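# Chains, contacts and geometry: an overview
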Amino acid sequence: MAEATTAAVKKEAGEIAPVESTRGGIYYTPRVDIYETADELVLQCDVPGVRPEDINLRFEKGELSLYGKVQSRQQPAEYQQDEYGIGDFYRAFSVGTEVNAEKIAAEYAMGVLTIHLPKAERARPRRIAVKAG
Amino acid sequence: MTLLTRWEPFRSLGREMARMQEEIDRLFDHWGVTAEAGPALAVSYPPVNIWEDDDFVYAEAELPGLKLEDLKINATGEDQLTIKGERKSAAPEKVEWHRQERGFGKFERGLVLPAGIDPAKVEARLENGVLTVKMAKSAAAKPRKITVKAV
């Protein structure tokens, strides 16, 4: 009951808590390209250092989530030059287009994950012939 | 757009500000260079981590989407390393873009190493988009172990 009240107060204040992962900890946000063709939505995602078997990809209630576990690699106590951090990747998208969830496919090569989301039959564009009157 | 692999929103703020400043500086450097060198060149890519132990210097960079054959890795001089290459887009030409966050194009990065190396003893590995260059230190750069004899 107390929790529900808190939630309501927060909503009134315009503070919407971000969706949190159950695992906690620090994640990096991978860079993503998304494009659409007549038949599908394609996501291409940079996840360097992640092995294909360590990718957890889910599609649920219109939300596509990606979690990539990065294998720990040789990390020294001290860097001479330190320009980027190493850690797991996480990102989620709400997919607006109606997709055929059964046929979502993904492939991984050289640190890049490509996800294909085929459009549902009714979401595909149709060319409508216009008759001269 | 830069070619960076990721955002790092969780790093401490001060550090993040310093990085942003660096990024901006690089961007301006980049524009300074672009007029002559062409539009695709990104000077700050890839970010590199460098460390060393007694015998080796290591350089690591994240280069997703690239093969070792696509890269030119050169050890020039005693303590310099250059990484050169081009990242090409795999997207078909006529598509409707929703987001374009990943960068593509030619890059070149020159690095000064913390110690002299032997250019004949450089090993490069590219695994799952992570490049690791392992360079043996030159004899002169290795720490010498001095044995103390009891008299």
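Residues numbered from 1 in each chain as written. Chains lettered and ligands numbered in written order. Predicted model: local features only at pLDDT ≥ 70, side-chain atom pairs only at ≥ 80, totals over all residues.

## Let's talk about the overall build of chain B
Counting its regular elements, chain B contains one helix and nine strands. Overall, chain B shows an N-to-C arrangement of helices and strands of β-α-β-β-β-β-β-β-β-β. Looking at chain B as a whole, 25% of its 151 residues are labelled buried. (Helix = DSSP H or I, 4+ residues; strand = E, 2+ residues; numbered from the N terminus. Buried ≥ 20, exposed ≤ 12 C-beta atoms within 10 Å, placed from the backbone.)

## Looking at the interface of chain A and chain B
At the interface, 29 residues of chain A touch 32 residues of chain B. Taken together, the elements giving at least two residues each to the side of chain A that touches chain B come down to β1 (29–30), β2 (32–36), β3 (40–46) and β4 (50–60) of chain A. Sorting elements by how many residues they give to the side of chain A that touches chain B places β2 of chain A first, with five residues. Here the side of chain A that touches chain B is composed, by residue class, of 13 nonpolar, eight polar and eight charged. (Contact = placed C-beta atoms within 7 Å. Nonpolar A, V, L, I, M, F, W, Y, C, P; charged D, E, K, R; others polar.)

## Observations concerning the sheet that holds strand β5 (residues 80–87) of chain B
Residues and elements named next belong to chain B. The three strands lie next to each other as β4-β5-β7, forming an open sheet whose pairing is antiparallel. Among the strands making up the open sheet, the edge pair consists of β4 (71–76) and β7 (105–112). The mean angle between the axes of side-by-side strands here comes to 10°, regardless of whether they run parallel or antiparallel. Of the strand pairs in this sheet, β5 and β7 are connected by eight bridges, and their pairing is antiparallel. Opposite Gly 85, over in β7, you have Phe 107 as the bridge partner. (Pairing = 2+ DSSP bridges. Axes fitted to C-alpha atoms, helices over the stretch in contact; angles between N-to-C directions.)

## Side note on the nonpolar core
It is characteristic of soluble globular proteins that their nonpolar side chains tend to be buried jointly. Of all hydrophobic cores here, the largest spans 17 residues; its most connected members are Leu 41, Leu 43, Cys 45, Val 47 and Leu 113 of chain A. Put simply, the parts of the chain that give this core at least two residues each are β2, β3 and β8 (112–118) of chain A. Formed by 16 residues, the second largest nonpolar core is a distinct cluster that contains Val 48, Ala 59, Ile 117 and Leu 126 of chain B. (Core = buried A, V, L, I, M, F, W, Y, C linked by C-beta atoms within 7 Å.)

## Points about the sheet that holds β4 of chain A
Residue and element names in this part refer to chain A. Spatial strand order, β4-β5-β6: three strands in an open sheet with antiparallel pairing. The strands lining the two open edges of the sheet, one partner per strand, are β4 and β6 (89–94). Ignoring which end each strand starts from, the neighbouring axes of this sheet average 15° apart. Two elements, β4 and strand β5 (residues 63–70), share seven bridges in a ladder whose sense is antiparallel. Each residue of the ladder has a partner; that of Asn 56, found in β5, is Tyr 67.

## A word on the environment of Glu 101 of chain B
Within the secondary structure, Glu 101 of chain B is located in the loop between β6 (96–100) and β7. A tally of 18 C-beta atoms within 10 Å means that Glu 101 of chain B is categorised as partly exposed. Contacts of Glu 101 of chain B, omitting those with residues within four sequence positions, involve Arg 31, Val 32 and Asp 33 of chain A.

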